[in-house]
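Next come the chains, spelled out residue by residue.
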Amino acid sequence: MSTNSMFNDIFKAAKPNKAAKILIAICAFALMFALAGCTAPQASNQTEGEDAPMTSSQYMAQVNQAVEELNERLQSFNDAVSRQDPITMRTQADNAFSTLDKLAAIEAPEDIKDLRDQYIKGCDQLKDALNAYIDLYSEMTAAKEEAESSRYNDPFNASDYSGRIEQIQEQYNEGIQTLEDADNSAKDR
């Protein structure tokens, strides 16, 4: 699926609310980069005894497997965003977090522990941004509903949230940069 068609599908599914569309676009854009940033170089297959220490290539193979699972779970999150379903967003984010926890639990060989730490740091940054997005989306939805049901007909003002949207985007960007740095470090080894 191309990026443009993904954005078009998301916007078609969204209610005609400018703030919701902006948030959905930011999340979809950030997830696209998160998926691109969470890819580790392919590792070769090696057969070793169960008691032998893990090699760098075996570690990277396990990282690749975890990243593939993470991509699937983030796609489910993206689907929930397109349906504007914050409960399912939370469930799918939690599913992605369990995959990130599996990634963090993989023991790396001593010579690439710094690379493992970079991947974990980047994924933690993305986890924080994803949580912040869900919290902000839920808060904005509640504020919009409150404004619509107010007997004073107070209009909902999405600009009140623009600073937080920028902070969340910055969190994503930092996480993506950390993952890209880890990818580049892995390629150099």
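S.K.: Which parts of the structure should I look at to understand the side chain of T178?
M.R.: Within the secondary structure, T178 sits in helix α6 (residues 162-188). On the basis of relative accessibility, which here comes to 12%, the residue T178 falls in the buried class. For T178, the side chain forms a polar contact with the main-chain oxygen of E174, separated by 2.9 Å. What T178 contacts, discounting residues up to four positions off in sequence, is Q118, K121, G122 and Q125.

S.K.: Honestly, the pattern of salt bridges in this entry has me stumped. Any pointers?
M.R.: When the charged atoms of two side chains with opposite charge come close together, those side chains can pair. Going through the model one piece at a time under the given rule, you end up with eight salt bridges. Residue D101 is joined to K127 by a salt bridge in which the shortest nitrogen-to-oxygen separation is 3.1 Å. Taken as a pair, D101 in helix α4 (residues 86-105) and K127 in helix α5 (residues 113-149) lie far apart in primary sequence, 26 residues in all. As a salt-bridge pair, D117 and R116 come within 3.7 Å of each other at their nearest N and O atoms. Residue classification places R116 among the buried residues on the basis of a relative accessible area of 16%. If you follow the salt bridges from partner to partner, you end up with E69, R73 and K102 in one network.

Each value, and the rule that gives it
- Residues numbered from 1 in each chain as written.
- Predicted model: local features only at pLDDT ≥ 70, side-chain atom pairs only at ≥ 80, totals over all residues.
- Heavy atoms only, no water.
- Helix = DSSP H or I, 4+ residues; strand = E, 2+ residues; numbered from the N terminus.
- Buried < 20%, exposed > 50% of the residue type's maximum accessible area, 1.4 Å probe, protein only.
- Polar contact = N/O pair within 3.5 Å; in protein donor to acceptor, adjacent residues only side chain to side chain.
- Contact = heavy atoms within 4.5 Å.
- Salt bridge = Lys/Arg side-chain N within 4 Å of Asp/Glu carboxyl O.

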